[in-house]
Amino acid sequence: MSAKTRAPKGQTPDTKPKAPRTKRTGGEPTLTSKVEEHYFQRSGRRLQYAPTERIPIIEVPNFPALGRLTALRFLEWVQQNPDGVVSLPTGKTPEYFIKWTRHFLDTWHEPATQKELADIGFDVAHKPVLHNLRFVQIDEFYPIDPNQQNSFYYYVNKHYIRGFGLNPKNALLINPAEIGIPKGMDLETVFPGGKVDLSLRHRVPTNAHEKIQYDVLLAVDQFCSTYEATIRAWGGIGFFLGGIGPDGHIGFNARGSDLESPTRLTLTNYETEAAAAGDLGGIEVSRNRPVITIGLGTISFKKDAVVLIFAAGEAKSGVVADAIQNERHVRYPASVLQGLPNARFYLTHGATIRLPERLIEDINRSPAIRDEELEKRVINLALKVQKRLDQLDDRDAKDCRVLQAALAKAGKTLAEAAAWTRARLIHKIESGLDNPKNVTVLHTGPHHDDIMLGYMNYILHMVRRPSNKNYFTVLTSGFTAVTNDFLATILQDLKMFTDRREYAAERAAGCMHHDNLVARAEEVYGFLDGTAARNDLECRRWQCRRMLYNLMVVYEDEDIENIRDRIHELLNYLRTVYPGKKDIKIVQTLKGMQREYEEELIWGYIGTRPEHVLHGRLGFYTGDIFTRQPTLDRDVRPVLDMLQDIKPDILTLAFDPEGTGPDTHYKVMQVIHEALIQYATKTGKKPEVWGYRNVWHRFHPADANAFIPVSLNSMAIMEHSFLNCFGSQKNASFPSYEYDGPFCHQAQLVYVDQYRMLRTCLGRDYFEHSDNPRLRSARGFVYLCKMTLDQFSGSARELAEITEAV
């Protein structure tokens, strides 16, 4: 596995098998960009499918191609507008945009780059000069120290001002530390803990400190007004590139923002706060955190501006479809692009899956329709009209053009397809009722709660068979999911216990020795005993003994007095470091070891031996915003060694669709895939592979092939075990944007929703009158995709092409 983007022989990294030559239809926008014309012709698509699509789209096959397209379009625009006004995005989505832009600038005069650019239509004799561009920062958290590495001010200075060689004197930046702060004070002094009360704008301050805050807020509002006026005096933003958030936001213009809004200090919404929690160190920090953002009116002020929104993956397909297909409305911030002649969505194929005209075209072009595709269309109709499959009639499908295309391609009537789909769903339920026996199962996860949230309810049945051997491994250390406050709480407890010399006798008895596996197991079983007895102090005592052991390992020192000094140092670090900062290595390790202990607790809860819980710590997982690519020696080899030791009959993994580019779930899956291929080559054994999903991505019923019923009893076990064993996750510091609460509660809602889908399709009687008590007691369902190794390998390779162009 290489860190470099590579492509099949004869193809550049953003190509795919040749699509039909694109033909324009009447009414489509005329392309003046040679870059867009080049990619438009390659796409085999129309630019815009009337009447459903209201904004033109350039579609590319994969995430690196998206970055390449945006980089080339940017450089083309800069050639034509060397002193123009640009506004560029922050976060993870621009990774390939930044890489490709720097690549083309650094290699501009090399023959291969010259040929590629000339083929597109660039004037290769004149390298773009970025130094004279005027740059506008899109947004910023408020308040935030601009020196913090998680501030957008820091990001744009690193990646754009210095990275692209822009002139800082031409940059319009948002530096909260320089906006109205009185002499001798700083942001923390004015707004302790980063808490800002925007109601001060409209009420009388109650004390001297509130008067200072009031004056600073007025200064920020004036700054925003001046910022907006400066942009407009420059003629407006000529080139805008932005991502789209989980609620459809652009910049920090959340759902409900006025389509003519200017630059302003404002609050956002829960979805945006949850998405920002990782940057800021937890939802506790990001909740109700104001932001400074340019407005939708700022973005659309220059009517001939190039305004680009780029998005990758199925996860973004819903907000993309909303913005493109609905009329301009404050509910859909990106709908502000409608009517701008040079506005575009640049999308990967996965981000277009909710655009019906493109779906119909895909169906019509395919030589035959896949079973999963036909099943999906029939199920979607049943869910839309809320009818059982055996109740559907042609009147229900008369306006469903995608389904009509699918039926025509399959050569089936609706009644035939509905009966066929019903039989498939029942077969999948029966498959989920079949509990394996006499098997060795290796359960793998990217993060420490992925396995349990995905299918713990099935594991409960698997571990009850003594003939089964279950092993669990999490392949990253997961340190980014532990807040500073949580670690500090454990260290404070440990300080209290060591003050009382609580562990002196145990240390003397050898409990802290590195090879004492019995002592490590005691720390699991002791905690669970405390949980059963509802004795919080006992749980804390065993947790702190594990933390004491971890400290001795990390510092290579078994002297408790010396460790007490280390605790003091760590507490001082945790009190003074800003939330969201990348931790020093020792703190990363301690946070990861805490997560590993919690993983031992969760599987000990259902009877798994601690030594059957294995800890991966793959090296690509670093906590950086742009993470490393996995490598054979560092990442694949440890997994291969594990496979050779355990010899699993079944291996489970997080099996997510195309997301927003390479992420932890995707990278772990590719590491496992490579290790499985090498294992099969060396041993001739091919384990069965079970793919699961959880709160981050969900299977459509058509994409899974085993449905496992979940009872209220199983849900209660999952909730109790999660809230007691996963202490670092109990307060949901890094929640999903879809649910404000702990993941176990969100997972339960996913199971319930999946049950309701099946209940709609099959009817209540199928479950309530079943002879099987597991179906009668079902109030939720887990979906799995069971595959042979060859089937999984094909999916993994296809996903690699989509995600990395590999």
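Draft legend 1. Molecular detail of the overall build of the chain. Counting its regular elements, the chain contains 29 helices and 17 strands. On C-alpha atoms alone, the chain measures out to a radius of gyration of 28 Å, which is about the 28 Å that the 2.2 N^0.38 rule sets for 806 residues. Each principal axis of the C-alpha atoms in the chain carries an extent, and together these give about 80 × 75 × 60 Å. The buried share among the 806 residues of the chain stands at 58%. Summarising the internal contacts of the chain: among those between residues at least 6 apart in sequence, 78% fall at separations of at least 24. Mean positive and mean negative side-chain charge positions of the chain (100 and 100 charges, respectively) differ by 3 Å.

Draft legend 2. Empty space enclosed by the protein, seen in detail. This model, assessed by the stated rule, comprises five cavities of 30 Å³ or more. Taken as a whole, the largest cavity holds about 80 Å³ of empty space. At the level of secondary structure, the elements contributing two or more residues to the lining of the largest cavity comprise α16 (450-462), α26 (743-762) and β17 (778-787). Tallying contributions element by element places α26 first for the lining of the largest cavity, with four residues. Residues belonging to the lining of the largest cavity are distributed by class as follows: eight nonpolar, four polar and two charged.

Draft legend 3. Inspection of the sheet that holds strand β5 (residues 171-172) at higher detail. Ordered by their spatial adjacency, seven strands build an open sheet running β1-β10-β9-β6-β2-β3-β5, and the pairing between neighbours is parallel. Each having just a single partner strand, β1 (57-60) and β5 make up the two edges of the open sheet. Examined bridge by bridge, β1 and strand β10 (residues 343-348) share four bridges and lie parallel to one another. Each bridged residue has a counterpart across the sheet, and for Ile57 the counterpart in β10 is Phe345. Sheet contacts for helix α11 (residues 317-325): β1, β9 (306-311) and β10; angle to β10, the most-contacted strand, approximately 150°.

Draft legend 4. Fine view of unusual backbone geometry. Pro51 follows Ala50 through a cis peptide bond whose omega is 0°. Here Pro51 is to be found in the loop between α1 (34-43) and β1. With an omega of -10°, the peptide bond running from Tyr142 to Pro143 counts as cis. Inspection of the secondary structure assignment puts Pro143 in the loop between β4 (139-141) and α5 (152-162). The phi torsion at Gln386 lies on the positive side, around 55°, for a residue other than glycine.

Draft legend 5. Just the confidence of the model for the chain, in detail. Predicted confidence across the chain gives a mean pLDDT of 92, with 95% of residues reaching 70 or more. Low pLDDT, under 50, characterises residues 1-13; the stretch is placed with 25 contacts to residues that sit more than four places away or in other chains. Per-residue pLDDT stays below 50 along residues 15-21; that stretch engages in 13 contacts with residues further than four places along the chain or on separate chains.

Draft legend 6. A look at the packing of aromatic side chains. Enumeration according to the criterion identifies 30 aromatic pairs in this entry. The interplanar angle of 10° and the centroid separation of 4.1 Å between the aromatic rings of Phe472 and Trp603 together place this pair among those described as stacked. Here the residue Phe472 occupies a position in strand β12 (residues 469-474), and Trp603 occupies one in helix α22 (residues 585-604), the gap between them amounting to 131 residues. In terms of burial, Phe472 and Trp603 fall into one category: buried. Ring-pair connections join several aromatic residues into one group, and the members of that group are Phe74, Trp77, Phe97, Phe135, Tyr155, Tyr160, Phe164 and Phe239. One Lys or Arg, Arg541, reaches over the ring of Trp542 and ends 5.3 Å from the middle of that ring.

Draft legend 7. Geometry of the pattern of salt bridges. Enumeration according to the criterion identifies 56 salt bridges in this entry. The salt bridge partner of Glu36 is Arg344, with a shortest N-O separation of 3.2 Å. Of this pair, Glu36 sits in helix α1 while Arg344 sits in strand β10, and the two are 308 residues apart along the sequence. Arg73 is paired through a salt bridge with Glu76; the nearest N and O atoms lie 3.0 Å apart. With Arg73 and Glu76 both in helix α2 (residues 63-80) and three residues apart, this pair spans about one turn of that helix. Through salt bridges with shared partners, a single ionic network connects Arg500, Glu502, Glu506, Arg520, Glu522, Glu523, Arg541, Arg545, Arg546 and Glu600.

Draft legend 8. Looking closely at the sheet that holds strand β8 (residues 291-293). Overall, antiparallel pairing links the three strands, which are arranged β4-β8-β7 in an open sheet. For this open sheet the edge positions go to β4 and β7 (264-266), each flanked by a neighbour on one side alone. Mean inter-strand twist for the sheet, computed between neighbouring axes without regard to direction, equals 20°. Seen against the sheet, helix α7 (residues 208-233) touches β7 and β8 and runs at an angle of roughly 130° to β7.

Draft legend 9. Seen up close, the side chain of Ser257. Here Ser257 is to be found in the loop between β6 (239-242) and β7. Residue Ser257 is classed as buried on the basis of its relative accessible area, which comes to 10%. Side chain to side chain, Ser257 and Arg264 meet in a polar contact 3.4 Å long. With sequence-adjacent residues up to four places away left out, Ser257 is seen in contact with Arg264, Leu296 and Val330.

Draft legend 10. Structural view of the environment of Ala311. Inspection of the secondary structure assignment puts Ala311 in strand β9. Those residues in contact with Ala311 that lie beyond four places of it in its chain are Leu66, Ile244, Lys316, Val320, Tyr346, Leu347, Thr348 and Ala351.

Draft legend 11. Layout of the side chain of His443. Along the chain, the position of His443 falls in strand β11 (residues 440-445). When neighbours within four sequence positions are excluded, His443 is seen to be in contact with Ile451, Tyr455, Ile459, Met462, Asn470, Tyr471, Phe472, Thr473 and Thr652.

Draft legend 12. Summary view of the nonpolar core. Grouped together as the largest cluster of nonpolar side chains are 70 residues, with contacts concentrated most on Ile429, Phe781 and Phe792. Sorting elements by how many residues they give to this core places helix α24 (residues 664-683) first, with nine residues. If we ignore the near neighbours within four places in the chain, the residues touching Ile429 are Phe707, Leu758, Leu762, Tyr766, Phe767, Leu775 and Phe781. Membership of the second largest hydrophobic core comes to 50 residues, among which are Val136, Val216, Cys224 and Ile294.

Draft legend 13. Spatial organisation of the pairing of β6. The side-chain alternation of β6 yields two buried faces, one formed by Phe239 and Leu241 and the other by Phe240 and Gly242. Two strands pair when backbone bridges link them, and strand β2 (residues 85-87) and β6 are joined in this way by two bridges, in the parallel orientation. The partner of Ser87 across the bridge, within β6, is Phe240. Sheet topology places β6 next to β9; four bridges connect them, and they run parallel. In the sheet register, Phe240 faces β9, and the bridge partner there is Val307.

About the thresholds
Residues numbered from 1 in each chain as written. Predicted model: local features only at pLDDT ≥ 70, side-chain atom pairs only at ≥ 80, totals over all residues. Heavy atoms only, no water. Helix = DSSP H or I, 4+ residues; strand = E, 2+ residues; numbered from the N terminus. Rg over C-alpha atoms; globule rule 2.2 N^0.38 Å. Buried < 20%, exposed > 50% of the residue type's maximum accessible area, 1.4 Å probe, protein only. Contact = heavy atoms within 4.5 Å. Lys, Arg positive; Asp, Glu negative; His and termini not counted. Charge placed at Lys NZ, Arg CZ, Asp CG, Glu CD. 1 Å grid on protein atoms, 1.4 Å probe; cavity = no way out; pocket = protein on both sides within 12 Å on 5 of 7 lines; lining within 4 Å. Points joined across faces, edges and corners; volume = space filled by probe spheres on them. Nonpolar A, V, L, I, M, F, W, Y, C, P; charged D, E, K, R; others polar. Pairing = 2+ DSSP bridges. Axes fitted to C-alpha atoms, helices over the stretch in contact; angles between N-to-C directions. pLDDT = per-residue confidence, 0-100. Phe/Tyr/Trp six-rings, centres within 6.5 Å; stacked < 30°, edge-to-face > 60°. Lys NZ or Arg CZ within 6 Å of the ring centre and 35° of its normal. Salt bridge = Lys/Arg side-chain N within 4 Å of Asp/Glu carboxyl O. Polar contact = N/O pair within 3.5 Å; in protein donor to acceptor, adjacent residues only side chain to side chain. Core = buried A, V, L, I, M, F, W, Y, C linked by side-chain atoms within 4.5 Å.

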